[in-house]
Each structure stands twice: as C-alpha cells, then as structure tokens.
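# Remarks on the overall topology
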Amino acid sequence: MMQQQAKLKLNSQNYHSIEANKEYLSVSQFKSFMDCEARTMAELDGSYKRPDSNALLVGSYLHSFFENEDVFYQFIEENNEAIFNTRGNKYADFTKADEMIETLKNDPFAMFALEGEKEEIYTANVFGAEWKIKVDSIHHGRKTFSDIKTTQDLHKRYWSDKYNNWVSFVESWDYVLQMAVYRRVLQECLGNTYTPYIVAITKENPPNKAVLHFDETRFDFEYEYIEMKIDRVLDVKSGKAKPTRCEKCDYCRSTKKLNNTMEIGELIYV
C-alpha cells in the first residue's frame, strides 16, 4: 500500500510536531507502533502525551553538547530547573552526563567518528511510506554517519523476542533498525550508500566507550522486518484498521477498564 506523499517541509522547529508525525513515519514512531498501536494513535491525535523522562532529557543534554556550543547553552537555559537544584548544583544524572561528555571529548578516535554536519534532516519514500530522519552527525566526504548512544553497560545481555535470542543493547533498543532506515533514506536522497557507526558511552564510573560498526547483513533482516510490518502500520495510522492495545504500557494502564477475570497463568504469557 502507498501512503499519500507528504507535503510538510520539515525543519528543526517542526520536526517533532504532531503535524510532522502524522505526515511522516519515523523510526521512533515505527518502534512505537510495534510496542503499542493504541498508545501511538493516541499520541498522533494529541489525546495522550507520554510522561517526561529524565533519561531522555539527559540524553538530549549530551547530544546538544556535541551539536554545537550555542545549542548546548540554549538547552541548559530552557531546562535550567531540571538540570540544577535550588543550590545551583547540577543533579547527579547531569553531573554523570558531564563525565560522559569529557570521556568522549578526550578520545580522539571517538571525536573523529563524530565529525561532520550536525542534525541534518532528510525525507524519502521507502517501503511504501514517507519517512523522516534527523542524523546526529554526517560526514559527506567520508560517506559516513554516526549517532551517540548511552547505555548502562556495553556488554550487558538482553533477551529479545524479535530476534529470539540474547542480544546487546544495540539490538535490544532497535538501533540496528534505526541505522538500516537511515541508510536507506540517505541512499534515496543522496544516491550513495553511507556507512553508519554508533559512538557508545556508558553510565558506569568511570564510563566505558566504544565505536561500533555493523556487518551489512544485519540490515537485510531489518528491511525484511519492516516490509513484514509496514502494511499493518500504515493501515492503522490511516484509520483503515483499529489499533490494538498492548495492555502493558503507560497509556494502556491509565485507560484500562476491567471486564473479565484472568487465570494466573496468563500473567506471564500474555
């Protein structure tokens, strides 16, 4: 199925708007549909907004530093009360973020991987939908792009139903899918294949770090996965299909209405 061609011209001000999210599919929106269709549709119609997450705020703080100095200080000004306590000291999470920033700043190879233009926006019709992406760092000379990702531990394992296996944080949080989509959109827009990297930094004391690359065969699985799921996503988003509830997320818990009993065995299998 083909989605109607998007008309909204994206920029840094409207990229995350509801209007933009209605016209374009993004990796975060696709992942949200995979988690809970009902919550995603409630977000798209403006009837529900997820609670603010301190982890997301800290991540944005770290990302803004590596974008440029003006963006970083503007971010601090706009989020002053969340970053500083009443005594003027940074909360522990932001002090840790400063340590993570210093760790990357002082590593020449990490900074080399992060070289390039910052926060460039691209749109393209792939997999039958109009997608939008915003690339953290893209180096057109080297034809590479990179993204900073924070994690608890580089080597922690997570069980994944999607992969039916134990995986790293990269697969667990669908960063392979993100890089696959970005790669495909950039191919459509620029006519070249760009190589993705993740610059990973941990919240440990002291932080651990790594620059991660991808075996290209990993992207084939992600493309097949998207093609398998995309028709359902677009049908729900367009109103042609009724969204299902996961009954586990914050939205479903807050809107849940009981109408039957549950056998205790369902608690771990539903």
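This part takes up the side chain of R183. On the secondary structure map, R183 appears in helix 10 (residues 175–190). When near neighbours in sequence (up to four residues on either side) are disregarded, R183 contacts F145, T193, Y194, P196, E216, F219 and Y223.

We now examine the pairing of strand 2 (residues 129–139). Within strand 2, 10 of the 11 residues are buried, which leaves it mostly tucked inside the rest of the structure. Where strand 1 (residues 117–126) and strand 2 come together, nine bridges link them in antiparallel fashion. Across the sheet, the residue bridging to N125 is E130, located in strand 2. Hairpin connection of strand 1 to strand 2: two residues between the antiparallel strands, including F127 at a positive phi of 55°. Two elements, strand 2 and strand 3 (residues 144–151), share three bridges in a ladder whose sense is antiparallel.

What follows covers the packing of aromatic side chains. In the structure shown here, the tally under the stated rule is 18 aromatic pairs. Consider the rings of F65 and F72, whose centres lie 5.2 Å apart with planes at 90°: the pair is edge-to-face. On the basis of an interplanar angle of 40° and a centroid distance of 5.7 Å, the ring pair of F214 and F219 is categorised as tilted. The burial state of F214 is the same as that of F219; both residues are buried. Here the basic side chain of R157 rests over the ring of W166, its NZ or CZ set 4.6 Å away from the ring centre.

For the rest of this paragraph, the subject is a nonpolar patch on the surface. Taken together, M262, I264, L267, I268 and Y269 make up a surface patch of nonpolar side chains, about 670 Å² in accessible area. Note on placement: M262 falls in the segment after helix 12 (250–255).

Conventions we followed
Residues numbered from 1 in each chain as written. Predicted model: local features only at pLDDT ≥ 70, side-chain atom pairs only at ≥ 80, totals over all residues. Heavy atoms only, no water. Helix = DSSP H or I, 4+ residues; strand = E, 2+ residues; numbered from the N terminus. Contact = heavy atoms within 4.5 Å. Buried < 20%, exposed > 50% of the residue type's maximum accessible area, 1.4 Å probe, protein only. Pairing = 2+ DSSP bridges. Phe/Tyr/Trp six-rings, centres within 6.5 Å; stacked < 30°, edge-to-face > 60°. Lys NZ or Arg CZ within 6 Å of the ring centre and 35° of its normal. Patch = residues over 30% accessible without salt bridge, like charges linked within 9 Å, V, L, I, M, F, W, Y side chains within 5 Å. Areas by Shrake-Rupley, 256 points an atom, 1.4 Å probe, with all protein chains shown as cover. Salt bridge = Lys/Arg side-chain N within 4 Å of Asp/Glu carboxyl O.

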